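# Chains, contacts and geometry: an overview
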Amino acid sequence: MSGFVEKPEPPQVPGLVHLHTGKVRDLYRNETGDLVMVATDRLSAYDWVLPSLIPDKGRVLTQLSLWWFDQLQDLIPNHVLSAADEDLPESAPADWAGRTLICKSLDMVPVEAVARGYLTGSGLVEYNESRTVCGLALPEGLEDGSELPAPIFTPATKAAVGEHDENVSYEEVARQVGADTAAQLRQATLAVYSRARDIARERGIILADTKFEFGFDRAPDGTSTLILADEVLTPDSSRFWPADQWQPGRAQPSYDKQFVRDWLTSPASGWDRKSETPPPALPEEVVAATRAKYIEAYELLTGQSWS
Ligand SMILES: Nc1ncnc2c1ncn2[C@@H]1O[C@H](COP(=O)(O)OP(=O)(O)O)[C@@H](O)[C@H]1O
Ligand SMILES: [Mg+2]
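Residues numbered from 1 in each chain as written. Chains lettered and ligands numbered in written order. Predicted model: local features only at pLDDT ≥ 70, side-chain atom pairs only at ≥ 80, totals over all residues. Heavy atoms only, no water.

### Some remarks on the packing of helix H1 (residues 57–72) against helix H4 (residues 179–202)
Two elements in contact, H1 and H4, have axes separated by 11 Å at closest approach and are oriented at 110°. The angle between the axes of H1 and H4 places the two elements in the roughly perpendicular class. Crossing geometry of H1 relative to H4 is assigned as right-handed. Of H4, the residues touching H1 (which contributes Trp67, Trp68, Gln71 and Leu72) are Val192, Arg195, Ala196, Ile199 and Ala200. Within the contact of H1 with H4, the residues separate by chemical class into seven nonpolar, one polar and one charged. (Axes fitted to C-alpha atoms, helices over the stretch in contact; angles between N-to-C directions. Helix = DSSP H or I, 4+ residues; strand = E, 2+ residues; numbered from the N terminus. Parallel < 35°, antiparallel > 145°, perpendicular 65-115°, else oblique. Left-handed = near helix turned anticlockwise from the far one by under 90°. Contact = heavy atoms within 4.5 Å. Nonpolar A, V, L, I, M, F, W, Y, C, P; charged D, E, K, R; others polar.)

Here is the structure:
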């Protein structure tokens, strides 16, 4: 069992049609047909959307994504039409300020486009069994946190809320979306990862891996353009490691939900990850420490202070 511990009630806003409640984002369509994407303060861990909120998390995700979209503009177009709160309906909740983007509604490619420059997580599990990741052969002797000889494209199929994404081979992606689209996905994923890795590295952060979602903008004349969508290069979609503490051979400290995972799997939480029971609410200090980590990542990457 997994999913939402408490099913959220997305606010109803006149002029907007509610489309979807994701793990973190609520999606609406406005009267012009564009997408309104609201990043909430929800947080997921171990395939559960937790009953606790992390104050400001959604704003950090939205502002960090916007900053990255800017850094990447010359490489690939993105789906953002407006980040201005004035462009929202007047009756939108005040709390949506700073966390809401109006985006071009795209024909999404149903693939989690993952790039990895370092070995960890599900990549490490597969490597330990077969010396491959998503079927790609890797050299002997790599360990948890090792840098790969070159970044690799390791796609996954997108799972519903509460389900695991599943790593798939490049060939499987090509079968599902076509050879042309698969090639475009791989090229774009690796180009964007490499740019972002270099930018992060200058700021003392290792971008170990990250997940993108792309969509097609289909023009009336029949042409299709691949667009970078969703959120980009946030602590929710990426593993960021402090470069000065990087030490292959062990789990790396990271700028994300580490406090949450550590607490949930500690005796203090009283929760058994393998059980069917939903995880408990987080103690105040875990919420505060997690909020601080998200803000720290934002400040280090952008060089701007949060408040
Ligand atoms: N430009 C876009 N057009 C259509 N759908 C999009 C666009 N950008 C993001 N999405 C979708 O919006 C949802 C974002 O919500 P999120 O909370 O991240 O959901 P999930 O639980 O699926 O990760 C995802 O399903 C994503 O595929
Ligand atoms: Mg998502």
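Now that the structure has been shown, we can carry on.
### Description of the nonpolar core
One finds Trp68, Phe214, Leu228 and Leu282 to be the most contacted residues of the largest nonpolar core, which totals 60 residues. If you tally residues by element for this core, the top one is H4, at eight residues. (Core = buried A, V, L, I, M, F, W, Y, C linked by side-chain atoms within 4.5 Å. Buried < 20%, exposed > 50% of the residue type's maximum accessible area, 1.4 Å probe, protein only.)

### Looking at the sheet that holds strand S6 (residues 48–49)
Here three strands make up an open sheet; going across it, the order is S1-S6-S5 and the pairing mixed. With one partner strand each, in any of the chains shown, strand S1 (3–4) and strand S5 (44–45) form the two edges of the open sheet. (Pairing = 2+ DSSP bridges.)

### Some words on the pattern of salt bridges
A complete count under the given rule lists 24 salt bridges for this structure. For Asp26, the salt bridge is made with Arg42, and the minimal N-O distance between the two is 2.9 Å. In this pair, Asp26 is assigned in strand S3 (residues 25–29) and Arg42 in the loop between strand S4 (35–39) and S5, connecting sequence segments 16 residues apart. The burial state of Asp26 is the same as that of Arg42; both residues are buried. The partner of Asp209 in a salt bridge is Arg239, and the shortest N-O contact between them spans 2.7 Å. Here Arg239 lies in strand S18 (residues 238–242) and Asp209 lies in strand S16 (residues 205–218), a separation of 30 residues in the sequence. Owing to a relative accessible area of 29%, Arg239 belongs among the partly exposed residues under this scheme. One network of salt bridges, with partners in common, ties together Asp41, Asp56, Arg59, Asp95, Arg99 and Arg291. (Salt bridge = Lys/Arg side-chain N within 4 Å of Asp/Glu carboxyl O.)

That is the geometry; function is a separate question.
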